[in-house]
Amino acid sequence: MEHGLRVSDTRYSFRRATLVDLPMLTAWRDLSHVAEWWDEDPVFDVEDLEDRRLSLSVVLCDGAPFAFQQTYSVKGWDFEHHFGHFPDGARGIDQFIGPHEWLGKGHGSGFIRASLAQMFADGVPVVATDPHPDNARAIRAYEKAGFRAHGPVMDTQWGLILPMSVWADSAP
């Protein structure tokens with residue numbers, strides 16, 4: 001089952017990312033407000049597009065692309081994921097807003113809430129995320145969308161993270 005691709009409310013919609021989107025997403029990833037928190041690896045590659053554990057989406061607002069979102073299964077990896085203790089069906093979520101003019105206007109928490117609504121409607125029990133503890137903008141957006149920290153700052157293979165989650169039965 002794919003998550004986050006059918007969501008559409010009055011403003012936000014999600015469409016499957018393709019290789020055609022990669023130049024745009026790479027340009028966004030290279031912007032200072034994204035590059036500070038997102039590593040320099042490719043945003044995704046062909047293998048990622050074919051990986052059924054991942055859902056990679058371009059986020060649109062009123063039809064205009066402005067963000068990237070990936071959701072993923074927290075189970076089934078070749079390593080013990082730091083969210084692997086969550087029940088079957090749990091998803092992880094990461095995203096970034098591209099163009100500067102979309103920042104600070106509530107779009108992050110807005111499209112995250114829209115995505116959560118669809119995942120919970122699809123039966124996902126819990127969604128987790130792992131912003132860097134110094135990424136105040138991301139943490140605020142996640143909190144506004146209903147996430148809460150569920151443990152102390154952790155050091156993972158991706159660096160320092162603040163583990164956050166929201167359960168379907170407690171979503172706003």
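Residues numbered from 1 in each chain as written. Predicted model: local features only at pLDDT ≥ 70, side-chain atom pairs only at ≥ 80, totals over all residues. Heavy atoms only, no water.

Student: Sorry, what's going on with the sheet that holds strand β4 (residues 91–97) here?
Tutor: Strand pairing in a sheet relies on backbone hydrogen bonds, with the paired strands running either antiparallel or parallel. Pairing in this open sheet of seven strands is mixed, and the strands run β1-β2-β3-β4-β5-β9-β6 from one edge to the other. Single-partner strands in this sheet number two, and they are β1 (12–16) and β6 (148–149). Note that β6 and strand β9 (residues 164–167) share two bridges and pair antiparallel. Looking at the pairing, A149 lines up with M164 of β9. Packed on one face of the sheet, helix α1 (residues 22–29) meets β2 (54–61), β3 (64–73) and β4 and runs near 90 degrees to β3. (Pairing = 2+ DSSP bridges. Helix = DSSP H or I, 4+ residues; strand = E, 2+ residues; numbered from the N terminus. Contact = heavy atoms within 4.5 Å. Axes fitted to C-alpha atoms, helices over the stretch in contact; angles between N-to-C directions.)

Student: I keep staring at α1 and nothing clicks. Help me out?
Tutor: Helical periodicity: at 3.6 residues per turn, an α-helix aligns residues three or four positions apart in one direction. When we look at burial in α1, the residues that qualify are L22, L25, W28 and R29. Here the buried residues of α1 occupy an arc of 125 degrees about the axis, which is enough to place them on one side. Elements that come into contact with the buried residues of α1 comprise α2 (32–35), β2, β3 and β4. (Buried < 20%, exposed > 50% of the residue type's maximum accessible area, 1.4 Å probe, protein only. Arc of directions from axis to C-beta.)

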